[in-house]
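Breakdown of the fold
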Amino acid sequence: MKRALKINPSDTVAVALTPLHIGDTVEVSGETIAVVAEIPAGHKLALRPIARGETVVKYGYPIGKARQDIPQGAHVHVDNLETLLSGELTYEYHPAFAPVPHVQPRTFPGYLRADGRVGVRNELWILPTVGCVNDVARALERRAQKLVGGAVEGVFCFGHPYGCSQMGQDQENTRRILANLAMHPNAGGVLLLGLGCENSGVDQIRPYMDGYDPARVRFLVCQKVEDEREAGMALLEELAQNMRSDVRVPSPASKLTVGLKCGGSDGLSGITANPVIGGFSDLLVAQGGATILTEVPEMFGAERILMDRCETAEVFEQTVALINDFKRYFAQHHQTIYENPSPGNKEGGISTLEDKALGCTQKSGFAPVKDVLQYGGTVRRRGLNLLSAPGNDLVAATALAAAGAQVVLFSTGRGTPFASPVPTVKISSNSALADAKRHWIDFDAGALLAGKEAASLSRELMDFVIEVAGGRKVLSEQNGYHDMAIFKTGVTL
């Protein structure tokens, strides 16, 4: 097994695949490097002397500049490397993308909905319109477990603290996310549960649900009934009864929309799990499916790669706006644009936001960017989409589900148990994590370091996703985890 990996021929650093110790020697691209510092696995090794102020290159792109002179064989990390990022930039469009190849079509058994979309689950969802009725929703969820069975695959409520005391775009975001989830194909039935005096109640959200299936959705305003628990149960029983006759039918993989997300990343994420996901994305796009890449702050430093893959000049301009609008959001709140890697990221070997972004965007593969979605938007075009949302795991994963993803792929080098409103597949960047957290990790991309080919792992991941789409429960589902979080952007009254 290799002990260090040079990702791109122009790189000035390599990634340690195993812990390196002072006095070790490692072979990297035919050159012997003497290690002069303790370097944990996933961290960076200087391949040559790097002068103070010189650009440090990884993945073939700058990830920062040296704070001080760095000798060959040294540890390159936060103490001697700093970001090159700044505020809003201007960009030029240099389209560079390959046509999507044709692949053998795949199918999965799914639930065909009236609008032509296909659900990979047939669940009964309770969606509070406002945080004031979260406890009512949870009480209904507990009572409604008796309805689970047959075609009713689960009953879940998704509480949140919003729906009132919001203004402007912040309020708009809450309404759109709730409306999108109320119409999600994974929900065979939805109870939209309101209080009655909130500013984003049932009557305000219903107009956002254009074309909803009246057989699948019920509305309840707690202040308008004598006993909201009894009234709620009656509506849930009615919805469950409507779902009893639902059956899975053969459905083309082109009906799948899959969200791409990473969190708790380490220095191996960008060379194992994320490229494997990228290969999966290209396979699904080649079958006519859709994938969604989000976490805009984690595109900073790698945005030009995505911009050059935009299919048209119009999509390029939308991507420029996506990046600069999010930088403006940081500036409006008097926050630095580049302070993004978490303590866990840094411990895992990620030093700057550019370092993180170049690894993060590997999840998008090589397909052209077809469309750019605003937060709260839904997929309109098959192929690779970019979605405006922050890097926060719960917020971004919820945004992916609300945009239409029936499944979310979540790569991690540190591990996390969380889920989202849809099946959330955990993909480890290293086998040690997969072995240590067998009740969290669904798929081990660390096998790439043991000799498996990336293309083979991407095909295995496609097989796994097809199984999940057909009903196989991922570990977060088996653990009973279902989370939801909405992006808070404005003042609270």
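Above this text sits the structure in question.
Residues numbered from 1 in each chain as written. Predicted model: local features only at pLDDT ≥ 70, side-chain atom pairs only at ≥ 80, totals over all residues. Heavy atoms only, no water.

**A word on the nonpolar core**
Membership of the largest hydrophobic core comes to 90 residues, with the highest contact counts inside it found for Leu 409, Ile 427 and Leu 461. Among the elements that take part in this core, helix α12 (residues 454-469) stands out by supplying eight residues, more than any other. Residues within four places of Leu 409 in sequence aside, it is in contact with Val 258, Gly 259, Leu 260, Lys 261, Ile 277, Phe 280, Val 425, Ile 427, Leu 461 and Val 465. (Core = buried A, V, L, I, M, F, W, Y, C linked by side-chain atoms within 4.5 Å. Buried < 20%, exposed > 50% of the residue type's maximum accessible area, 1.4 Å probe, protein only. Helix = DSSP H or I, 4+ residues; strand = E, 2+ residues; numbered from the N terminus. Contact = heavy atoms within 4.5 Å.)

**Remarks on the pattern of salt bridges**
Side chains carrying opposite charge are able to pair once their charged atoms draw close together. For the coordinates displayed, the defined rule picks out 34 salt bridges. Close ionic contact of Arg 143 with Glu 230 constitutes a salt bridge, the shortest N to O distance being 3.2 Å. Residue Arg 143 is found in helix α1 (residues 134-143), and its partner Glu 230 is found in helix α4 (residues 228-243); the two are separated by 87 residues along the sequence. Take Arg 143: its relative accessible area is 34%, and that puts it in the partly exposed class. Look at Glu 230 and you get partly exposed, because its relative accessible area is 44%. (Salt bridge = Lys/Arg side-chain N within 4 Å of Asp/Glu carboxyl O.)

**Some remarks on the pairing of strand β15 (residues 217-221)**
Two faces make up the sheet, and in a regular strand the side chains alternate between them. The element β15 is largely enclosed, with a buried count of five among its five residues. By the alternation rule, side chains of β15 split into Val 217, Phe 219 and Val 221 and Arg 218 and Leu 220, which are all buried. Across five bridges, the pairing between strand β14 (residues 187-194) and β15 is parallel. Residue pairing in the sheet places Leu 192 in a bridge with Phe 219 of β15. (Pairing = 2+ DSSP bridges.)

**Examining the packing of α1 against α4**
Remark: α1 packs on α4, axes separated minimally by 10 Å, with the N-to-C direction vectors making an angle of 50°. The orientation of α1 relative to α4 falls into the category oblique. In terms of crossing hand, the pair formed by α1 and α4 is right-handed. For the pair formed by α1 and α4, the contact residues are Val 136, Leu 140 and Arg 143 on the first element and Glu 228, Arg 229, Glu 230, Gly 232, Met 233 and Leu 236 on the second. (Axes fitted to C-alpha atoms, helices over the stretch in contact; angles between N-to-C directions. Parallel < 35°, antiparallel > 145°, perpendicular 65-115°, else oblique. Left-handed = near helix turned anticlockwise from the far one by under 90°.)

**Let's talk about the packing of helix α2 (residues 168-182) against helix α10 (residues 393-402)**
It is the contact of α2 with α10, at a shortest axis distance of 9 Å, that shows an interaxial angle of 55°. Accordingly, the angle class assigned to the pair α2 and α10 is oblique. Helix-helix and strand crossings are classified by hand; for α2 and α10 the assignment is left-handed. Residues Ile 177, Asn 180 and Leu 181 of α2 form the contact with α10, whose own contacting residues are Thr 398, Ala 401 and Ala 402. A class-by-class count of the residues in the contact of α2 with α10 yields four nonpolar, two polar and no charged. (Nonpolar A, V, L, I, M, F, W, Y, C, P; charged D, E, K, R; others polar.)

**Here's the deal with the packing of aromatic side chains**
Scanning all chains against the criterion turns up 12 aromatic pairs. When the centroid spacing of 6.2 Å and the interplanar angle of 65° are considered together, the rings of Phe 300 and Phe 330 count as edge-to-face. One end of the pair, Phe 300, is in the loop between β18 (290-293) and α6 (303-308); the other, Phe 330, is in helix α7 (residues 313-332), and 30 residues separate them in sequence. Relative accessible area serves as the criterion here: at 0%, Phe 300 is assigned to the buried category. Using a relative accessible area of 16% as the deciding quantity, one classes Phe 330 as buried. Where Phe 326 meets Phe 487, the ring centres are 6.3 Å apart and the plane angle is 0°; that geometry is what we call stacked. (Phe/Tyr/Trp six-rings, centres within 6.5 Å; stacked < 30°, edge-to-face > 60°.)

**Let's talk about the side chain of Asp 246**
Looking at where Asp 246 falls in the secondary structure, it is placed in the loop between α4 and β16 (249-252). At 3.1 Å, the side chain of Asp 246 and the side chain of Asn 122 are in polar contact. In this structure the side chain of Asp 246 is engaged in a polar contact, spanning 2.7 Å, whose partner is the side chain of Arg 216. Setting aside residues up to four positions removed in sequence, Asp 246 forms contacts with Tyr 111, Arg 113, Asn 122, Ala 151 and Arg 216. (Polar contact = N/O pair within 3.5 Å; in protein donor to acceptor, adjacent residues only side chain to side chain.)

**Concerning α1**
For α1, every residue scored as buried is listed here: Asn 134, Val 136, Ala 137, Ala 139, Leu 140 and Glu 141. Looking at the packing, one finds that the buried side of α1 touches β12 (123-128), β13 (155-157), β14 and α4.

**Section: the pairing of strand β3 (residues 25-28)**
Burial of β3 is one-sided: the residues Val 26 and Val 28 facing one way are buried, the residues Thr 25 and Glu 27 facing the other way are not. Between β3 and strand β4 (residues 31-34), which pair antiparallel and follow one another directly, the connecting turn spans two residues, one of which, Ser 29, has a positive phi of 50°.

**Digging into the sheet that holds strand β11 (residues 118-119)**
Strand order in the open sheet made by the three strands is β11-β10-β16, with antiparallel pairing throughout. Where the open sheet ends on each side, the last strands, each with one partner, are β11 and β16. Here strand β10 (residues 107-112) runs beside β11; their pairing, made up of two bridges, is antiparallel. By the bridge assignment for β11, Leu 112 is matched with Val 118.

**What to know about the sheet that holds strand β6 (residues 55-58)**
Within the open sheet, the three strands sit side by side as β6-β7-β9. Their pairing is antiparallel. Only two strands of the sheet have a single partner each, and these edge strands are β6 and β9 (81-82). Across the sheet, helix α9 (residues 353-360) lies against β6 and β7 (61-66), angled at about 165° from β7, the strand it touches most.

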